[in-house]
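Okay, here's what each chain looks like letter by letter:
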Amino acid sequence: MAQNATLTLNGKSYDLPVIKGSTGPDVVDVRKLYGDSDVFTFDPGFTSTASCESKITYIDGDAGVLLHRGYPIEQLAEHSTFLEVCYLLLNGELPKASEFADFEKTITYHTMLHAQFDRFFSGFRSDAHPMAIMTGAVGALSAFYHDSINVDDPEQRRISAHRLIAKMPTIAARAFKYSVGQPFVSPRNSMTYAENFLHMSFSVPAEDWVSNPVLTRAMDRIFILHADHEQNASTSTVRLAGSSGANPFACIAAGIACLWGPSHGGANEEALNMLMEIGTVDRIPEFIQGVKDRKYRLMGFGHRVYKNYDPRAAVMQKTCHEVLAEVGHGDDPTLKVAMELEKIALNDPYFVERKLYPNVDFYSGITLRALGFPTTMFTALFALARTVGWISQWKEMFEDPQRKIGRPRQLYTGPLRRDYAPLETRG
Ligand code: CMC
């Protein structure tokens with residue numbers, strides 16, 4: 001049954017339609033409020049605002065549930081592959097065998113970069129952070145692939161999405177190779193997506209990287225866990241940039257820039273640095289006291305939406321144990337610190353009252369380090385995996401007939417109109 005909310009303002013009543021989703025909280029539709037009443041709604045940080053309609057990802061933060069197109073993340077992480085999840089996010093349904101074979105071939109055959117693009121990397125300083133390189137390099141894709149940047153053409157949108165998913169591992173691996181002073185390694189069409197990425201990251205001219213099914217599966221699962229997360233800061237950035245009609249490569253570069261922040265994707269790097277700084281279990285109480293005294297935050301803990309255990313963190317913790325056992329680091333002291341810290345935090349009133357639980361970043365750093373990546377690569381790997389989420393959300397926005405340029409309003413508290421005074425008259 002259609003429902004309305006009523007807002008009473010200065011003695012006048014306004015009926016606001018209430019819209020139901022397939023699940024989750026209803027929304028109060030305020031789109032006509034300003035036109036009808038001359039007031040804005042005020043919600044910095046968007047804590048109570050649905051910025052768009054979407055059919056891609058659903059999170060129930062209180063229950064700790066994450067669904068992609070309806071499928072629970074635990075099932076996808078256990079039974080699916082990253083490329084299948086990419087197809088699902090982009091197209092709405094799991095692929096049939098023939099559809100998947102076509103998709104896998106398309107992505108595989110788009111992994112190479114234009115030869116001139118490789119020279120682009122050498123413009124960066126050798127100590128550049130991989131995320132700085134990623135932001136610049138991905139934005140530069142629009143200079144190399146301008147045959148797919150007409151955003152009004154669905155076929156060009158599809159090609160750009162495929163190019164981004166395919167080329168991101170090649171760009172991320174090159175950002176890594178550049179930062180460690182090793183030559184670039186070309187993609188191999190005989191390898192799977194995750195295998196290829198590990199090969200491009202760890203093969204050197206003198207020695208090929210040797211494929212390991214446990215580590216390859218772990219890499220693929222880490223990609224699945226980061227693939228999409230509804231309207232988070234970087235996804236909202238991609239949508240906002242895209243709403244002006246900017247090309248998809250530029251929009252994804254904007255998303256990467258936003259992801260880099262320590263409150264968002266940058267937390268995986270910060271979380272491992274924090275665990276290493278704590279160093280030993282006996283130093284945890286002193287560290288926890290520092291959190292309570294608000295000197296710093298417990299990185300890899302807390303989430304705007306999850307007020308329960310992040311379901312991605314549970315899968316990540318399991319993957320972490322598998323990887324550490326495989327590489328012979330089962331007694332890694334950082335893992336011991338992480339597990340003890342988690343146990344203490346989950347029982348401490350400070351964290352319990354604020355509903356602070358481990359998020360995906362708490363165990364991802366230890367896992368990525370065991371796979372052989374330096375901390376500076378962690379957020380770049382997050383960007384690689386999130387690209388499919390960003391581009392799926394961007395594509396959905398273009399398919400929405402109600403698309404409008406994103407243009408928030410503000411509560412202005414600055415000076416009122418005043419007249420310019422010439423410099424010499426200012427005391
Ligand atoms: N450590 C200590 N206290 C915290 C933490 C934390 N990690 N997170 C939140 N709080 C406290 C905060 O001080 C506040 O307490 P009080 O009400 O007494 O002032 C309360 O919890 C609510 O915090 P908030 O900042 O209003 O919550 P938010 O929803 O705006 O922030 C967050 C969400 C993720 C930015 C925050 O939890 C945080 O900074 N966490 C650490 C960084 C991190 O791990 N980020 C990765 C997020 S998951 C990966 C991704 O999707 O990007």
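First things first, this report covers the structure right here in the doc. (Residues numbered from 1 in each chain as written. Predicted model: local features only at pLDDT ≥ 70, side-chain atom pairs only at ≥ 80, totals over all residues. Heavy atoms only, no water.)

**Details of helix α4 (residues 97–108)**
Relative to the 16 Å expected for 12 residues at 1.5 Å per residue, α4 spans 16 Å between its end C-alpha atoms, a close match to the ideal helical length. What α4 keeps buried is the set Phe 103, Ile 107 and Thr 108. Around the axis of α4, the buried residues are gathered within 130° of arc, so they sit on the same side. Opposite its buried face, α4 presents the exposed residues Ser 98, Asp 102 and Lys 105, each directed more than 90 degrees away. Here the buried face of α4 lies against α3 (82–91), α7 (154–180) and α8 (193–202). (Helix = DSSP H or I, 4+ residues; strand = E, 2+ residues; numbered from the N terminus. Expected span 1.5 Å × (residues − 1). Buried < 20%, exposed > 50% of the residue type's maximum accessible area, 1.4 Å probe, protein only. Arc of directions from axis to C-beta. Contact = heavy atoms within 4.5 Å.)

**Observations regarding the packing of aromatic side chains**
Per the stated rule, a full pass over the model turns up 22 aromatic pairs. Relative to Phe 351, the ring of Phe 301 has its centre 5.9 Å away and its plane inclined at 75°; by these criteria the two rings are edge-to-face. Placement of the pair is Phe 301 in the loop between α13 (284–292) and α14 (311–326) and Phe 351 in helix α16 (residues 349–353), with a sequence separation of 50 residues. Take Phe 301 and Phe 351: they sit in the same class, and that class is buried. (Phe/Tyr/Trp six-rings, centres within 6.5 Å; stacked < 30°, edge-to-face > 60°.)

**Description of the site of the ligand**
The environment of the ligand is formed by 21 residues, the closest being His 264, Arg 294, Arg 297, Leu 298 and Gly 300. Within the backbone of Gly 300, one N or O atom sits 2.8 Å away from an oxygen atom of the ligand. About the coverage of the ligand: the protein hides 76% of its 940 Å² of free accessible area. Looking at the shell around the ligand, its residues break down into nine nonpolar, seven polar and five charged. (Near = heavy atom within 4 Å. Polar contact = N/O pair within 3.5 Å; in protein donor to acceptor, adjacent residues only side chain to side chain. Areas by Shrake-Rupley, 256 points an atom, 1.4 Å probe, with all protein chains shown as cover. Nonpolar A, V, L, I, M, F, W, Y, C, P; charged D, E, K, R; others polar.)

**Let's talk about the state of the cysteines**
A disulfide bridge is the covalent bond that connects two cysteines by way of their sulfur atoms. Tallied over the entire structure, the rule returns zero disulfides. This cysteine, Cys 258, is not joined by any disulfide, and Cys 251 carries the nearest cysteine sulfur, 13 Å off. For Cys 258, a relative accessible area of 25% gives the class partly exposed. (Disulfide = S-S within 2.5 Å.)

**Notes on the sheet that holds strand β1 (residues 3–9)**
Think of a sheet as strands paired side by side through backbone hydrogen bonds, with each pair either parallel or antiparallel. The strand order β1-β2-β3 describes an open sheet built from three strands, whose pairing is antiparallel. Both outer strands of the open sheet, β1 and β3 (27–28), are each paired with one neighbouring strand and no more. Pairing of strand β2 (residues 12–19) with β3, which is carried by two bridges, proceeds in the antiparallel orientation. Each residue of the ladder has a partner; that of Val 18, found in β3, is Val 28. (Pairing = 2+ DSSP bridges.)

**Some remarks on the layout of surface pockets**
Of the volumes computed, that of the second largest pocket is approximately 260 Å³. Lining the second largest pocket, in full, are Glu 270, Asn 273, Met 274, Glu 277, Ile 278, Arg 283, Glu 286, Phe 287, Tyr 296, Arg 297 and Met 299. Along the lines of polarity and charge, the residues of the lining of the second largest pocket split into five nonpolar, one polar and five charged. (1 Å grid on protein atoms, 1.4 Å probe; cavity = no way out; pocket = protein on both sides within 12 Å on 5 of 7 lines; lining within 4 Å. Points joined across faces, edges and corners; volume = space filled by probe spheres on them.)

**Observations regarding the sheet that holds strand β4 (residues 57–60)**
Pairing in this open sheet of three strands is antiparallel, and the strands run β4-β5-β6 from one edge to the other. A single partner strand is all that each edge strand has here, and the edge strands are β4 and β6 (71–72). When β4 meets strand β5 (residues 65–68), the two strands line up antiparallel, connected through four bridges. Pairing of Asp 60 across the sheet is with Val 65, part of β5.

On their own, these measurements won't tell you what the molecule is for.
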